[in-house]
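Listed here are the chains, written in short residue letters.
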Amino acid sequence: MSAGRRAGWRCLLAGAAVAGMLLGTGCRRADDALVGQRAPEFSLADLQGNAVRLANLKGRVVFLNVWATWCEPCREEMPAMQALYQRLTGPDFEMLAINADQGGRDGVVKFVESNHLSFPVLPDPDLQVADRYRITGYPETFVIDRNGTIVAHEIGPRDWDAPQSVAAFKRLIERGEWIGL
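So, here is what we can say about the structure in this document. (Residues numbered from 1 in each chain as written. Predicted model: local features only at pLDDT ≥ 70, side-chain atom pairs only at ≥ 80, totals over all residues. Heavy atoms only, no water.)

Here the focus is the sheet that holds strand β6 (residues 140-144). What the five strands build is an open sheet, ordered β5-β4-β3-β6-β7; its pairing is mixed. Bordering the open sheet on either side are β5 (121-123) and β7 (150-155), each of which pairs with just one other strand. Pairs of neighbouring strands in the sheet enclose a mean axial angle of 20°, with direction left out of account. As judged from the three bridges shared by strand β4 (residues 93-99) and β5, these two strands associate in the parallel manner. Note that in β5 the partner of N99 across the bridge is P123. (Pairing = 2+ DSSP bridges. Helix = DSSP H or I, 4+ residues; strand = E, 2+ residues; numbered from the N terminus. Axes fitted to C-alpha atoms, helices over the stretch in contact; angles between N-to-C directions.)

Here we take up the state of the cysteines. Taken as a whole and assessed by the stated rule, the structure comprises one disulfide. Between C71 and C74 runs a disulfide, and the two sulfur atoms are separated by 2.5 Å. With the S-S dihedral at roughly 80°, the linkage between C71 and C74 falls on the right-handed side. By the burial criterion, C71 is buried, and C74 matches it. (Disulfide = S-S within 2.5 Å. Buried < 20%, exposed > 50% of the residue type's maximum accessible area, 1.4 Å probe, protein only.)

What follows is the structure, encoded as structure tokens:
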């Protein structure tokens, strides 16, 4: 299936997730086959052109979010992601926002600047991460422990800076235990 066609399906699925939230059913978990598995490796350049390899982040807890600028639920959770990043950024935590826009990076740069996002944003117009992580819609977030193992997979927007989320990430950083959201 072509990248454009995959993006179209993901848009449709994201719309279905939004419709489900509006109907009160909320987002459901995806196929969690990757939870408990080693996180698939990738290397992408950030908006400044610096290469970022997942393997180089071993020893840190990684918050990996796959999103698009045209995705309203993605846009909705960005302030909470920024707040979580500001609380936890340091040698033990990294946040990576993998952007799946296929219309060029100018729109992504404009979005990042206008929303004052300081966490690393990695454009992925070829959807290599979306494919490796079996993304079914946007946004999707993976929590990766210090050993490179996926400990959680969340579909849909979350209030990432809520006290229980912050506590879960702190516990993973400090004790290596994921207690969930």
